[in-house]
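# Topology and contacts: notes
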Amino acid sequence: MSEVTIFVDGEPVPAEAGRPLGALMHRLGPAMRRTEEGAPRGLFCGMGVCFDCLVTIDGVADRRACMTPIRDGMRVETGLAGGTPS
Amino acid sequence: MRRIETDILVVGGGPAGLSAATSAAGAGARVDLVDAGAAPGGQYWMQDPVAGATTTQSAEGSAAIAAARAAGVAIHSGAEVWAAFPGGEIMAHDAEGPVVFQARSIVVASGAQDRVYPFPGWTLPGVMTPGAGQRLAKLGKTAPGKRIALAGNGPFLYAVAATLASIDATPKLLLESGKARAPMLGLLARHPARIAEAVSLLAAARAVPNWRRGHVVTEALGEDRVEAIRIAPVDDAGTVDTARSERIDGIDALLVGWGFRPMIELTALLRCRHAYDRALGGWYCVASPATGLTSVEGVYAAGEVTGIAGSRPARLSGALAGLSAAAGLGFASPGNEERRKRLVRALASARSFGHELGRLAPPPAGIADLANDDTIVCRCENVTRGEIAAALAEGTRAVAGAKMWTRAGMGRCQGRVCGSAVAEIAASLGGTEIAAAGFNPPRIPLRPVPLPAVLEATRAAGTGETH
């Protein structure tokens, strides 16, 4: 396990490989996406049950940040800044 | 596609699942264990993905994982079960794609999730379950916030306070709905072996600077994240006195939960019999106290899915189910029957403690009524309490009716998060028992899987290769 760099909405972010992406995303700000109505949502159950922490990872939409271990070079899109709501 | 034939498939890698797998493999059965986590251990024996076992509790877990491996159990981590069919076919999915298990017997040890009820503001980022706060700390070494409020009821809140303290994130505020101390002292007097654990949990609660009993959070306030909360006193009958509510500012994380809910999706899909007891977390899978067998032949259940009782009964019921499942397939060594009898006795005592504890800390009776008409109840489909109430007023009934009329429970989580609340709202508005409202039946896929994986798995199943 080691210090790696991932990209969140294009910005490089130092991260620790192996830890859940959801924890890092929560540290960057608890909102991770917006609903179709525009309401912000973030981590809620943290165990893969509630599907509130959905982000796009390496081009694949609707991935649960809480269930995804961090890997070097991972590209995460939140859809918070004018992206497609999920 | 990977297709694995095995004697016994254990679903779930927490204390119940690991114990079941180890005891079944020890009896001579071929055992595979499938678990959704990146590493086995479940919630109670959670392993730090970077540092390994760092606490006594996780060290106990890593010993249990090592024991399972030493007994020959094949552990499949990071694999979520999304379908199960009569005849022992279970479909899972991991990072590499589909994997199909063909098992002669199944032990379901799917565990539990935090039980939650809606209230105004509960969808704001920064509001999460106590379990989520604990996972943030344990797996992510991340504090849920700088000024944390921890709320709900039950001893798990104290355990979360202890975990948060271990990463220097002691909550500022602990709110418990319960007040009575005497029944807890009475319970401990009857189970003196649990006193040391209780004392240590109590110390974690005392370390919280502001500990309020007899209070609930009635609202989370904020723009794009939680910034403040409103709290109010609650009496023993569960009535919340909103006239005496007060606002607490400067809260950046709110962890609120009401004990646990058994994760019955797989046992429900397998058509096992279930029963309802609010003190045991709601709907749970009925399993024989003598063997762990469910109402379906070849399907055993162990741990929290059989009713919330804690980690000790989980381990014992797991060992019992594993032993019984192996014996049912003809794997039995001398001494097994004696061991089974000892497990049955120990389990009865451990369960009675866990069940009594659950009865001491129920969610307040009207907790689902904290939501007002505009409050979202179903977080997936954004269905409000007002929409559910309107559907019920128009004549639909129970959880199933509310779902068809409003889509509450029809989203990605299949009602696992809002189900308890929808049932209690339907019961309260319809004047029926909560149990009469039923639960959301699970549907395949239990968890989202890519369509090609579904096609690949079901095509392989259709070939009848192993039947």
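Summarised in this report is the structure supplied together with it.

### Observations concerning the pairing of strand β1 (residues 3-8) of chain A
All names here are of chain A. Residue alternation in β1 divides its side chains into a buried set, Val4, Ile6 and Val8, and an unburied set, Glu3, Thr5 and Phe7. Summarising the sheet, β1 and strand β2 (residues 11-16) pair through six bridges and their orientation is antiparallel. The residue bridging Val8 from the neighbouring strand is Glu11, located in β2. Here β1 hands over to β2 after two residues, with Asp9 in that stretch at a positive phi of 50°. In this structure, β1 lies alongside strand β7 (residues 75-77), joined through two bridges in parallel fashion. Counted as the bridge partner of Phe7 is Arg75 from β7.

### As for the pattern of salt bridges
This structure, assessed with the given rule, holds 32 salt bridges over all chains. The salt bridge involving Lys141 of chain B is made with Asp48 of chain B; its shortest N-O contact spans 3.2 Å. Separated by 93 residues along the polypeptide, Lys141 of chain B in the loop between α3 (130-140) and β9 (148-153) and Asp48 of chain B in the loop between β2 (31-34) and α2 (56-70) bring together distant segments of the chain. One salt bridge connects Glu60 of chain B with Arg315 of chain B, and the closest N-O pair in it is separated by 3.8 Å. Of this pair, Glu60 of chain B sits in helix α2 while Arg315 of chain B sits in helix α8 (residues 311-328), and the two are 255 residues apart along the sequence. Among the residues examined, Glu60 of chain B registers a relative accessible area of 34% and is labelled partly exposed. Residues joined in a network through salt bridges with shared partners are Glu16 and Arg19 of chain A together with Asp48 and Lys141 of chain B.

### Focus on the side chain of Arg194 of chain B
Residues and elements named next belong to chain B. Position of Arg194 among the secondary structure elements: in the loop between α5 (182-190) and α6 (195-206). The class of Arg194 is buried, set by a relative accessible area of 16%. Polar side-chain contacts of Arg194 include one of 3.0 Å to the side chain of Glu197. Those residues in contact with Arg194 that sit more than four places away from it in its chain are Leu188, Arg312 and Phe353.

### Focus on the environment of Gly14 of chain B
Residue and element names in this part refer to chain B. Along the chain, the position of Gly14 falls in the loop between β1 (2-11) and α1 (15-26). The exposure class of Gly14 is buried, given its relative accessible area of 13%. Spatially, the C-alpha atom of Gly14 lies 8.7 Å from that of Gly303, the residues being 289 residues apart in sequence. In this view, Gly14 contacts Gly41, Gly42 and Trp45; residues no more than four positions away in its chain are not counted.

### Here's the deal with the sheet that holds strand β14 (residues 246-249) of chain B
Residue and element names in this part refer to chain B. Taken together, the three strands give an open sheet; going across it, the order is β12-β13-β14, and neighbouring strands pair in antiparallel fashion. Two strands lie at the open edges of the sheet, namely β12 (215-221) and β14, each paired on one side alone. Mean inter-strand twist for the sheet, computed between neighbouring axes without regard to direction, equals 30°.

### Things to note about helix α1 (residues 21-28) of chain A
Residues and elements named next belong to chain A. With six of eight residues buried, α1 is to be regarded as a mostly interior element. Among the residues of α1, those classed as buried are Leu21, Gly22, Ala23, Leu24, Met25 and His26. Just past α1, the residue Gly29 takes up positive phi, approximately 140°.

### Observations concerning the interface of chain A and chain B
Taken together, the contact between chain A and chain B spans 32 residues of the former and 41 residues of the latter. Carbon and sulfur atoms make up 61% of the area that chain A and chain B hide from each other, which totals about 2900 Å². When the buried area of chain A at its contact with chain B is split by residue, Arg19, Phe44 and Met47 of chain A rank highest and sum to 25% of it. At the junction of chain A and chain B, the tally comes to five salt bridges. Of the charged contacts, one joins Arg19 of chain A and Asp48 of chain B as a salt bridge, the two residues approaching to 3.0 Å between their closest N and O atoms. Connecting chain A to chain B are 14 residue pairs in polar contact (both at pLDDT 80 or more). At the level of secondary structure, the elements contributing two or more residues to the side of chain A that touches chain B comprise α1, β3 (31-34), β4 (40-42) and β6 (60-64) of chain A.

Conventions used here
Residues numbered from 1 in each chain as written. Chains lettered and ligands numbered in written order. Predicted model: local features only at pLDDT ≥ 70, side-chain atom pairs only at ≥ 80, totals over all residues. Heavy atoms only, no water. Buried < 20%, exposed > 50% of the residue type's maximum accessible area, 1.4 Å probe, protein only. Helix = DSSP H or I, 4+ residues; strand = E, 2+ residues; numbered from the N terminus. Pairing = 2+ DSSP bridges. Salt bridge = Lys/Arg side-chain N within 4 Å of Asp/Glu carboxyl O. Polar contact = N/O pair within 3.5 Å; in protein donor to acceptor, adjacent residues only side chain to side chain. Contact = heavy atoms within 4.5 Å. Axes fitted to C-alpha atoms, helices over the stretch in contact; angles between N-to-C directions. Buried area = accessible area lost by both parts, 1.4 Å probe.

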